[in-house]
Every structure is written in structure tokens, then in C-alpha cells.
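# A structural walkthrough
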Amino acid sequence: KPAYVDFRTTTAAETVLTWSEFDNAATNLAAQLREQGVHTGDRVAVWHGDTSAIHVLLVAVERCGAVAVGLGARAGVREVAHIVGLTRPALLVSDAARHAQATTVVAGTALRAVLLGESGDLRVDTAPRPGAADTLSPVGPDDPFLINSTSGTTGLPKCVVHTQNRWHYFHHKAVANGELSPDDVLLPVIPTPFGFGIWTSHTTPIQLGSTAVLIERFDAAATCAAIERDRVTVLCCVSTQLMMLLADDASRRHDLSSLRVVFTGGEPLPYTQAAEFEDLTGVTILQFY
């Protein structure tokens, strides 16, 4: 069954990763991290765009007993250097789009920057590899598995520590309120390392076994096209994004009838726009903080 569907707006092409491929890839990548010198209890900084590969990487870090340090895909060198200085990871893993900046961050330090990609130090390998999990020791449900950042009010990011159980219990709240099932297709359009993005694109799809559709970067037209193409049933977005969808003609040109639930938060959603979107699509909007 599809686990993650990567939609590329530039080429209008999709790449599908099945659950068995995802499972294999996470274990294989965990073994590669071990080979790179990552040990139990180490921290691994993750600076990567919103694709299926970042979810493989997050699970791989967990499976080798390390803690992921989530860096925003759009963060600048100054912000990343600040978080790296606070968390002191053993390794900084990036994609090609951020690798040059990652190299700048680690210059003059003992930290290494490695590339996750076809020609990089690490790669997503979906083939079954007998024995790949033999040396792995995953983190426990109440151990820290993720340190991500929030901008706060001081102009520099602050760090927030998460356990698996913290999001496991939030996941149960979301499933109950949204009446979610493994048959749902989720479209989260919030950056992955942050709280709203973590449960909508990572915790809930993985624990529920539902398919998640990912787009490179939020765009109203691309979002509407993805909803129609993949028959998305659950949209996860902040209130501003929902109002942008409503204001874009794409929401009327595309068939959005598959949608049944929208999770939104981050700021109050004006009643008039909420009611208009519900009338347009037939969804139920669930606001939360």
C-alpha cells in the first residue's frame, strides 16, 4: 500500500513509496548511520525538504537509538548554526538543496555534514537487506526522539524536546476527533520538523497506516490538484493556507469532493471563510490549538 506519495509541482510527477519499501529504507538508512559513526544517544541534525526521504531519515535515526534534531527547511545559516550550537549533534544530514549551506555551518567545527541522496554519503535504499537491523537498538516510547525548534519571541530559535508518546497520545486525539482510519489519504502542507507537521505527516500516517501525499512547497493550485489527483480525504493546514485555497480559483476548478475533514490551527479561522469552505467542499473543519 502507498505510504508516501511525493508530488513535484515542477514536473507534475509523482513518486510512490510503499510501506514495505519505507520499512526497508528506514532500517537500511539506520545501518548506514551506524557506519557513519552514529551511536546510541547521539544527536543527528536533519536539514531536509518535505519529501518522503525526511520521514525515512527520522525513523532511521530513531531505529539506531539516536535523537533527531529537526531543522526547518527554510531556515538560514545563522538559525541552523544557533540550533546546532545548542544541541551539539554528531552529524548534520541534508539534501542537495541545503548541502552547500550545511557545509558552511560545520566549517571550523568537529561536526560533519553528509548528503542524503543518490550521489551522497547516505541514500534511500528500499531493497530487503537481511541482517540490516542486527546492530540497531531503537529509542523507547518515553525517550527523547526529536528536538525541534520554535521561533519564540527572541529572534533566535528555541529547542523543544519530544518523546514518541507525546505525539502517540496526540495522534489518538486526532483519530478520535477526525474519525480517521487507515483508508484515509492525508495531505499535510505544513513544514515537517514542527509540531503540526510532525503529527500530520509523520506520526499519524505511520501509526495509522494511512497514505500521506507530500508537495514540495505549499501552493494553492498545486494543493487543489493533489486533492483531486490522489482523492485526498484529510487536509492539514494552517488557517492562512485555508484562506489562500478559498481565494484561489483552483478550489473551484478542481474536484475537492473527496475531502471530508480539514485540520487547521495556528491562528483563529474567521467564521465566514470557514463556513464558505465547508459549503464549497462539504468538509468538516476542525480547529485546535
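On a predicted model such as this, the values are computed, not experimentally measured, just so you know. (Residues numbered from 1 in each chain as written. Predicted model: local features only at pLDDT ≥ 70, side-chain atom pairs only at ≥ 80, totals over all residues. Heavy atoms only, no water.)

### As for the environment of Val-61
As a reminder of what qualifies: Where helices and strands are cited, they refer to DSSP runs of H or I of at least four residues and of E of at least two residues respectively, numbered from the N terminus. Any residue under 20% of the maximum accessible area for its type is buried, any over 50% is exposed, and the rest in between are partly exposed; the area is computed with a 1.4 Å probe on protein chains only.
Looking at where Val-61 falls in the secondary structure, it is placed in helix α2 (residues 52–63). Relative accessible area serves as the criterion here: at 0%, Val-61 is assigned to the buried category. The spacing of Val-61 and Val-46 is 15 residues in sequence and 9.5 Å in space, taken between C-alpha atoms.

### Quick word on the sheet that holds strand β13 (residues 284–288)
Within a sheet, neighbouring strands are paired by backbone hydrogen bonds and run either parallel or antiparallel to one another. Our working rule: In this scheme, strands are said to pair when DSSP sees at least two bridges between them. Every angle, taken between N-to-C directions, lies between 0 and 180 degrees, and every axis is a line fitted to C-alpha atoms, over only the stretch in contact when it is a helix.
Taken in spatial order, the 7 strands line up as β2-β1-β10-β9-β11-β12-β13 in an open sheet, and their pairing is mixed. Two strands bound the open sheet, and with one partner strand each, they are β2 (13–18) and β13. For this sheet, the mean inter-axis angle between neighbouring strands, taken without regard to orientation, is 20°. Sheet topology note: the strand β9 (residues 185–188)/strand β11 (residues 234–238) ladder contains 3 bridges and is parallel.

### A few points about helix α3 (residues 77–87)
In plain terms, the rule: Throughout, the arc means the angular range of directions from the helix axis out to the C-beta atoms.
Those residues of α3 lying buried are Val-80, Ile-83, Val-84 and Thr-87. All buried residues of α3 project into a common sector of 100° when viewed along the axis, lining one side. Looking one or two residues beyond α3, the residue adopting positive phi is Arg-88, at roughly 50°.

### Remarks on the side chain of His-202
Rule in force here: Identification of polar contacts relies on pairs of N or O atoms within 3.5 Å, with a donor-acceptor requirement for protein atoms, meaning one able to donate a hydrogen and the other able to accept it, and with residues adjacent in sequence counted only if both atoms are side-chain atoms. Here a residue-residue contact requires only that any non-hydrogen atoms of the pair lie within 4.5 Å.
Position of His-202 among the secondary structure elements: in helix α6 (residues 195–208). At 3.0 Å, the side chain of His-202 forms a polar contact with the side chain of His-55. In this view, His-202 contacts Tyr-4, His-55, Leu-58, Val-59 and Gly-197; residues no more than four positions away in its chain are not counted.

### Considerations on the nonpolar core
The condition that has to hold: In this description, a nonpolar core means a group of buried Ala, Val, Leu, Ile, Met, Phe, Trp, Tyr and Cys residues linked to one another through side-chain atoms lying within 4.5 Å.
With 49 residues, the main nonpolar core has Phe-22, Leu-33, Leu-57, Val-93 and Phe-263 as its most contacted residues. With 8 residues, the top contributor of residues to this core is α2. Val-185, Val-189, Phe-218 and Leu-259 belong to the second-largest nonpolar core, a separate cluster that totals 28 residues.

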